[in-house]
Amino acid sequence: MRLETEEKSRRDHDFRLVPAAVAGWAATLAGLQLGWWVATVVGAAAVVGAVVLLTRGRARYLGAGGALLLVGLVAAVPTALRIHDAAADPLGAAATRGGTATLRVEISERPRSIHQAGYADQQAGTRSVAIPAQVRTATVDGRPVESTGRVLLLAPVAGWSGLLPGQQVTTSGRLLPARGGELTAAVLSVRAAPVGIGPAPWWQRAAAALRNSLHSLCAILPEEPAGLLPGLVLGDTSALPQRVEGEFKASGLTHLMAVSGGNLVIVGGAVLLLCRLVRAGPRLSAAAAGACLAGFLVLVGPEPSVVRASVMGGIGLLALALGRRGSALPALAFAVCVLVAWDPTMAGNFGFALSVLATAGLVLLAPRWADSLVRRGIPPGYAEGLAVPLAAFVVTAPVIAGMAGTVSLVSVVTNVLAAPVVAPVTVLGVLATVVGPWWPGGGQVLIHLADPEARWLLTVARHGARAPGAALSWPGGWWGGLCAAALVVVVVVAARFRRLRLLVAIGLVVVLLTVVPAKVLMPGWPPDGWAMVECDVGQGDALVLATAEPGRAVVVDTGPEPGPVDECLRRLGVDRVPLLVLSHLHADHIGGLASVFDGRAVGAIAVGPGRAPAWAWQSVSGEARRRGVPLAQLSEGQRLEWPGLALEVLGPRYATTRAPALQDGTMINNSSVVLRADTDAGRVLLTGDVELAAQADLLAEGVDLRADVLKVPHHGSRYSLPQFLAAVRPRTALISVGAGNGYGHPSKSTVDVLGTMGVLVARTDVDGDTAVLPGASGPAVARRGEPRGPPR
């Protein structure tokens, strides 16, 4: 029976174009990564193999040999020359010297937003965009140069975010070296607005109007579904909250917000179904579907996965119009051959690789696995619902593991739960996009109909991300991807043999028990009797002080963005916050304010005397008004008490006469609220971000700074007086700092001073969430692990 199934599978799929696709992709990728001559060598090897097939092979191999010969010639000559020309472009040489350039460029793709976490007085959000462009004319350091290569513009949002593909602009900036493995000659860092802006093609203007219309329609929904719908329909995540984006990534659903072949299948399938209902002929149906796919391609932009799916879909529609039953595998192979020849950079694009591999998995693996499940008694619909996400996960897991350095353990489950609503929400979103500009009322009705599906996806992603061990760390890079691929191959091949299935199952259980951290299988967090926890929120501060009442705690600062502090409080089981203290108004201390309110009762928000920066004060006061909670100002000498916890306000004692608009970052840091907390684990000194002047003021006024635990000021920066640290005389010091941050925190000098004093130092970039609890001879420390990575 198995042999018959395998033979039938070989007859159903035409593999003749697959060697050509593999050869073209491999040659181009090798050339991008290792040099143009490697593409020539691999292409020449493909030509030799093709000649052997053509001269000594059977007649049925002639087509495969001809395709392999053509692809090998293209890789060996035109593709290799393009890689060589990009490497030799004069802009690349100028970039290594850090020269300045004035370029006239044509925009190739829509600007891509770059999100930046809040820090100091910089508000979190999108402050810059990345724009691929083609050079038309170039002047470097005042001298004209011959260049027609590609550049990547890093530009501010203002003046640049609204540009469209096809527009020509003139701009100046500093040249930076481009990332390897691409055909980009250089990166141009731009600060000014573009000049000499040319017109965009009419179809691009029409597509932009439709995209803007969808965003306007989605404004009737709450923030999260309003940001998610454009991402699901158009791949536009510019309005998506960062918290939601992180949850989709952790739960293995991020592919839903990257427009790919799945979206085109849904749109094309809906059009073909409509044509079938009105009894249209195959040629008219194919023409209608083709027109819709072309319009959708313009609407979402020429992303690699979308272009790949468009080429493949066009081949299928052509076969339908000619009355021939095409095969998905030859169409996929042909698409790969054409696209890597047309744009070699696609060979190294992760999105393109994921799209191709996922399609191949759905074509080759999913039907066979679904049939196998049906033979075991599972209903066909459920069998397909299980086989499709499982096949997609198996073939894409190695790429995702190497790219992201993580493996999602909940991906299959979350994709099964999400699958039923993906098609409806896509169709409703596309219809709303098209109908909205002409009939706003109808567009709003469609958006309301898509709202429940979007909320379901948000629910699935949130619960999936919160599952213990939703994403496991894995070695990143090429080696990590190859190791994951080898593991997948071994498991899949071994599972085909009945005697090895039990061994494979036992082996997987053993691996999970040994590799999966013990806290995933038995969380053990938080530790019993915890008195305070320094939450790992990346490059920022968020600290929780327990009271004697379970579930009730005081929170000091909220980190740079929503999400991490909420996750920390949820792990601690905190559902009541009698007081939320903001030590000062820098973005890395107030960015997560809104998420503290998620599912919790907050009694009041307390701040110090500082009101700078102005945008932060407006944000905090506005949030207090929206939530209906009082906004209180803490003053020196004030004492606050709860069962098991007491807070005394020691500062700020640093005063500034400057208006908020004139205060710099150091002045704002020095206005931080300084608290002394009496907890079950001992005395804790909370210092915000006070720097040298504020520390000196506390010392000069003889304030009793002694504490068992010190929250080290300003993420352990070098602006800490040794005399101040000595006056505290802590047994334990906590440093809240983001892993891989670019600010040099914590400073080696500060850590060394604490070390010479015999202080136990705990860092969130190394230890993750860190708890302090009573010990036999003083405060004890418990570490959760899983430190948060660098700010996005």
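What comes next is a walk through the structure. (Residues numbered from 1 in each chain as written. Predicted model: local features only at pLDDT ≥ 70, side-chain atom pairs only at ≥ 80, totals over all residues. Heavy atoms only, no water.)

1. Considering the packing of helix α6 (residues 202–218) against helix α16 (residues 411–435)
Two elements in contact, α6 and α16, have axes separated by 8 Å at closest approach and are oriented at 110 degrees. With respect to each other, α6 and α16 are oriented roughly perpendicular. Regarding α6 and α16, the two cross each other, and that crossing is right-handed. Each of Leu-210, Leu-214 and Leu-217 in α6 lies in contact with α16, whose residues at this interface are Gly-429, Ala-432, Thr-433 and Val-434. (Axes fitted to C-alpha atoms, helices over the stretch in contact; angles between N-to-C directions. Helix = DSSP H or I, 4+ residues; strand = E, 2+ residues; numbered from the N terminus. Parallel < 35°, antiparallel > 145°, perpendicular 65-115°, else oblique. Left-handed = near helix turned anticlockwise from the far one by under 90°. Contact = heavy atoms within 4.5 Å.)

2. Focus: the nonpolar core
The nonpolar side chains of soluble globular proteins are, as a tendency, buried together. By size, the foremost hydrophobic cluster in this structure holds 38 residues, and its most contacted members are Leu-228, Leu-229, Phe-248, Ile-447 and Leu-457. When residues of this core are traced back to their parent elements, those giving at least two are α6, α7 (223–234), α8 (242–250), α9 (261–277), α10 (282–300), α16 and α17 (440–466). Leaving out residues up to four positions away in the same chain, Phe-248 has contacts with Leu-228, Leu-253, Thr-254, Met-257, Leu-457, Leu-458 and Ala-461. If you look at the next biggest cluster of nonpolar residues, it comprises 33 residues, including Trp-525, Leu-580, Leu-585 and Ala-624. (Core = buried A, V, L, I, M, F, W, Y, C linked by side-chain atoms within 4.5 Å. Buried < 20%, exposed > 50% of the residue type's maximum accessible area, 1.4 Å probe, protein only.)

3. Some details on the sheet that holds strand β10 (residues 532–534)
Read from one edge of the open sheet, eight strands run β17-β16-β14-β12-β11-β10-β25-β26, paired in mixed fashion. Since the sheet does not close on itself, it has two edges, and those belong to β17 (631–633) and β26 (778–783), each with one partner. Between one strand and the next, the sheet's axes are offset by a mean angle of 25 degrees, whatever the strand orientation. (Pairing = 2+ DSSP bridges.)

4. As for the environment of Cys-535
Along the chain, Cys-535 turns up in the loop between β10 and β11 (543–546). Under the relative-accessibility criterion, Cys-535 is labelled buried at 0%. Along the primary structure Cys-535 and Asp-566 are separated by 31 residues, whereas in three dimensions their C-alpha atoms are 9.8 Å apart. Each residue touching Cys-535, except ones within four places of it in the same chain, is listed here: Ala-542, Val-544, Cys-568, Ser-736, Thr-764 and Asp-769.

5. Details of the pattern of salt bridges
Evaluated as defined, the whole model comprises 29 salt bridges. The salt bridge involving Asp-343 is made with Arg-150; its shortest N-O contact spans 2.9 Å. Of this pair, Asp-343 sits in the loop between α12 (328–342) and α13 (350–364) while Arg-150 is found in strand β5 (residues 150–156), placing the two residues 193 residues apart along the sequence. Residue classification places Asp-343 among the buried residues on the basis of a relative accessible area of 14%. Note on Arg-150: relative accessible area 23%, which makes it partly exposed. Here Arg-627 makes a salt bridge to Glu-623, at a shortest N to O gap of 2.8 Å. Within this pair, Arg-627 and its partner Glu-623 are both found in helix α24 (residues 614–627), separated by four residues, close to a single helical turn. Residue classification places Glu-623 among the buried positions, given a relative accessible area of 8%. (Salt bridge = Lys/Arg side-chain N within 4 Å of Asp/Glu carboxyl O.)

6. Quick word on the pairing of strand β3 (residues 125–140)
Relative to β3, strand β1 (residues 100–107) runs antiparallel, the two sharing seven bridges. Across the sheet, the residue bridging to Leu-103 is Ala-138, located in β3. Of the pairings in the sheet, the one linking strand β2 (residues 112–116) to β3 comprises five bridges and is antiparallel in character. Looking at β3, one finds that His-115 is bridged to Thr-126. Two strands pair when backbone bridges link them, and β3 and β5 are joined in this way by seven bridges, in the antiparallel orientation. Within the sheet, the bridge partner assigned to Ile-131 lies in β5 and is Leu-153. As judged from the three bridges shared by β3 and strand β4 (residues 143–145), these two strands associate in the antiparallel manner. Looking at β4, one finds that Ala-138 is bridged to Val-145.

7. Thoughts on the side chain of Ser-671
Locating Ser-671 in the fold gives a position in the loop between α25 (665–670) and β20 (674–679). Side-chain polar atoms of Ser-671 contact the backbone oxygen of Ile-668, separated by 2.7 Å. Beyond its immediate sequence surroundings of up to four residues, Ser-671 is in contact with Ser-583, Gly-610 and Pro-652. (Polar contact = N/O pair within 3.5 Å; in protein donor to acceptor, adjacent residues only side chain to side chain.)

8. A closer look at the environment of Gly-149
With respect to the element layout, Gly-149 can be found in the loop between β4 and β5. Residue classification places Gly-149 among the buried positions, given a relative accessible area of 15%. On a C-alpha basis, the gap between Gly-149 and Leu-183 in space is 7.8 Å, while along the polypeptide they are 34 residues apart. Apart from the residues within four sequence positions on either side, Gly-149 is in contact with Asp-89, Ala-133, Gln-134 and Val-135.

9. Describing a nonpolar patch on the surface
A surface patch of nonpolar side chains, about 650 Å² in accessible area, is lined by Val-489, Val-493, Phe-497, Leu-500, Leu-502, Leu-503 and Ile-506. At the level of elements, α18 (477–495) and α19 (498–515) are the ones that each hand at least two residues to the nonpolar patch. With four residues, the single largest contributor to the nonpolar patch is α19. For Phe-497, the position within the fold is in the loop between α18 and α19. Since its relative accessible area comes to 43%, Phe-497 is described here as partly exposed. (Patch = residues over 30% accessible without salt bridge, like charges linked within 9 Å, V, L, I, M, F, W, Y side chains within 5 Å. Areas by Shrake-Rupley, 256 points an atom, 1.4 Å probe, with all protein chains shown as cover.)

10. Let's talk about the sheet that holds strand β24 (residues 760–763)
As summarised here, the arrangement of the seven strands in space is β18-β19-β20-β21-β22-β23-β24, forming an open sheet in which the pairing is mixed. This sheet does not close on itself; its edge strands, each paired only once, are β18 (639–642) and β24. Strand-to-strand twist across the sheet, computed as the mean angle between neighbouring axes with direction ignored, equals 20 degrees. Both β20 and strand β21 (residues 682–686) contribute to a ladder of five bridges, which runs antiparallel. Each residue of the ladder has a partner; that of Ala-677, found in β21, is Val-684.

11. A short note on α24
If you check α24, its first and last C-alpha atoms are 20 Å apart, about what 14 residues at 1.5 Å a residue would give, namely 20 Å. Among all positions of α24, only Ala-616, Val-620, Ser-621, Gly-622, Glu-623 and Ala-624 are buried. Contacts made by the buried residues of α24 are with β14 (580–582), α22 (587–590), α23 (593–596), β16 (605–607) and β17. Backbone geometry just after α24 places Gly-628 at a positive phi near 70 degrees. (Expected span 1.5 Å × (residues − 1).)

Without other data, these values stay purely geometric and don't point to any function.
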